[in-house]
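Each chain is listed here by its residues.
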Amino acid sequence: MDLRQLSYFTAIVDEGSISAAAKKLHISQPPLSNQMKSLEAELGVTLFERGLRSITLTDAGKLMYERANTILDMASAAKMEIDSLGNGLRGTLRMGMVSSSVTGHVARKLMAFRALYPEVNFQIYEGNTYQLLDGLKTNQIDLALVRAPFPQDGFICHKYQEEYFVAAGLPGSLPETPELDVVAKCPLILYRRWEGPIRRTFGEKGLSIHLACMVDNAWTSIQMVRAGMGVALLPKSFAEDIPQIQIWDLNEEGLKTQLMLVKRDDRYISNITKIFFEKFEI
């Protein structure tokens, strides 16, 4: 198989049919169909079932679509990195970010970097810490802004200041300086990754929590708070600048986290990535 075949395949999936993909690619339909038959013959599987107006991916086709996009992204990144060697600091930096790192402060830091290097642009990939670390391992992204703890073997980490979790809710949801037993009685919205430390911290004080909602994204937590679902427990740097949301300091040693900018320690990185890793501060 080659990159052209993969790009043809992804175009067919994205457009929903061979005929629509042929129009987008500005080629006739028979050669495109022949390319797909050749790809299927090489792989020994059927990638999609042909319908009158649309295609339906097989299980093999779904896996191939995922892998093809990864390969095409990597090929594009490689070309841009090679181009950047001769053209100075320009090109694309592929950066993963956990949802709780997507704050106005961080966005302004990214903007400041672009002000210094206006020919650099960002591709942001969002996911949880472990998804983004997998993205680093498979070269889908160049850097990841994630939260500790996580296994750090194989990575180089730029560590930022530790911070406490806070309670975030609608104004007046809690007393001015709430004790943990008061927080425990509130309907709580938990970020799934932190369920263990939260339950453990409350449990060590003989408290059980009143769970209202479990989510995978910090911004989903805030939307649930705004809807009146309850009080969310979130990193302070994320929650403190959100309009119409009040936060309460908890200062619990068991509820601490730390942002880290991470790269692999065993692969070449572009000049853009190297400079960003060295200069980026939050």
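The paragraphs below set out a description of the structure included in this document. Remember, predicted model here, so these are calculated numbers, not experimental data. (Residues numbered from 1 in each chain as written. Predicted model: local features only at pLDDT ≥ 70, side-chain atom pairs only at ≥ 80, totals over all residues. Heavy atoms only, no water.)

**Focus: the packing of aromatic side chains**
Here is step 1: In the structure shown here, the tally under the stated rule is 9 aromatic pairs.
Here is step 2: Ring centres of phenylalanine 113 and tyrosine 117 lie 4.9 Å apart, and the angle between their planes is 45°; on these two criteria the pair is classed as tilted.
Here is step 3: Since its relative accessible area comes to 6%, phenylalanine 113 is described here as buried.
Here is step 4: The buried category is assigned to tyrosine 117, whose relative accessible area is 15%.
Here is step 5: Put simply, the rings of Phe113, Tyr117, Phe122, Tyr160, Phe276 and Phe280 touch in pairs and so form one group of aromatic residues.
Here is step 6: Between lysine 263 and the ring centre of phenylalanine 277, over which it is positioned, the NZ or CZ distance is 5.2 Å. (Phe/Tyr/Trp six-rings, centres within 6.5 Å; stacked < 30°, edge-to-face > 60°. Buried < 20%, exposed > 50% of the residue type's maximum accessible area, 1.4 Å probe, protein only. Lys NZ or Arg CZ within 6 Å of the ring centre and 35° of its normal.)

**Let's talk about the pattern of salt bridges**
Opposite charge on two side chains permits pairing when their charged atoms draw close.
Here is step 1: This model, assessed by the stated rule, comprises 11 salt bridges.
Here is step 2: One salt bridge in this structure joins glutamate 15 and lysine 24, with 3.4 Å as the shortest N-O distance.
Here is step 3: By relative accessible area, which is 34% here, glutamate 15 ends up partly exposed.
Here is step 4: In this structure lysine 24 comes out as partly exposed when scored by relative accessible area, which is 47%.
Here is step 5: With a closest N to O distance of 2.7 Å, arginine 192 and aspartate 216 form a salt bridge. With arginine 192 in the loop between β7 (187-191) and α8 (195-203) and aspartate 216 in the loop between β8 (210-215) and α9 (218-226), the pair connects residues that are 24 residues apart, well separated along the chain.
Here is step 6: According to the relative accessible area criterion, arginine 192 is partly exposed, its value standing at 39%.
Here is step 7: On the basis of relative accessible area, aspartate 216 is assigned to the exposed category, the value being 53%. (Salt bridge = Lys/Arg side-chain N within 4 Å of Asp/Glu carboxyl O. Helix = DSSP H or I, 4+ residues; strand = E, 2+ residues; numbered from the N terminus.)

**With respect to unusual backbone geometry**
Here is step 1: Put simply, alanine 148 and proline 149 share a cis peptide bond, and its omega is 10°.
Here is step 2: Although it is not a glycine, histidine 26 adopts a positive phi angle of roughly 60°.
Here is step 3: Owing to a relative accessible area of 73%, histidine 26 belongs among the exposed residues under this scheme.
Here is step 4: Phi at asparagine 251 is positive, roughly 55°, even though this residue is not glycine.
Here is step 5: Counting through the fold element by element, asparagine 251 comes out in the loop between β10 (246-249) and β11 (256-264).
Here is step 6: Residue asparagine 251 is classed as partly exposed on the basis of its relative accessible area of 48%.

**Considerations on α8**
Counting along an α-helix, one turn takes 3.6 residues, and residues three or four places apart therefore face a common direction.
Here is step 1: Among the residues of α8, Ile198, Thr201 and Phe202 are the ones counted as buried. End-on view of α8: buried residues confined to an arc of 95°, all on one side of the axis.
Here is step 2: Each element contacted by the buried residues of α8 is listed here: α7 (180-185), β7 and β9 (231-235). (Arc of directions from axis to C-beta. Contact = heavy atoms within 4.5 Å.)

**Details of the nonpolar core**
Here is step 1: Of all hydrophobic cores here, the largest spans 33 residues; its most connected members are Leu188, Phe202, Leu233 and Leu234.
Here is step 2: Listing elements by their share of this core, those giving two or more residues are β6 (155-169), α7, β7, α8, β8, α9, β9 and α10 (236-239).
Here is step 3: In contact with leucine 234, other than residues within four places in its own chain, are Tyr164, Phe165, Val166, Ala168, Tyr191, Ala218, Ser221, Ile222 and Ala239.
Here is step 4: Counting residues in hydrophobic clusters, the runner-up holds 32 residues, among them Leu133, Val146, Leu259 and Ile275. (Core = buried A, V, L, I, M, F, W, Y, C linked by side-chain atoms within 4.5 Å.)

**Let's talk about the pairing of strand β5 (residues 143-148)**
Here is step 1: Burial runs high along β5: 6 of the 6 residues are buried.
Here is step 2: One ladder, built from 3 bridges, connects strand β3 (residues 91-97) with β5; its direction is parallel. When the sheet's bridge partners are listed, glycine 96 is paired in β5 with alanine 144.
Here is step 3: Bridge count between β5 and β11: 5 bridges; the pairing is antiparallel. In the strand pairing of β11, valine 146 is matched with methionine 260. (Pairing = 2+ DSSP bridges.)

**Focus: the pairing of β6**
Here is step 1: Bridging between β6 and β11 involves 8 bridges; their strand directions are antiparallel. Following the sheet pairing, lysine 159 is matched in β11 by methionine 260.
Here is step 2: Where β6 and β9 come together, 4 bridges link them in antiparallel fashion. For alanine 168, the partnering residue across the bridge sits in β9 and is alanine 232.
Here is step 3: Relative to β10, β6 runs antiparallel, the two being bridged by 4 bridges. Residue pairing for β10: alanine 167 is matched across the bridge by tryptophan 248.

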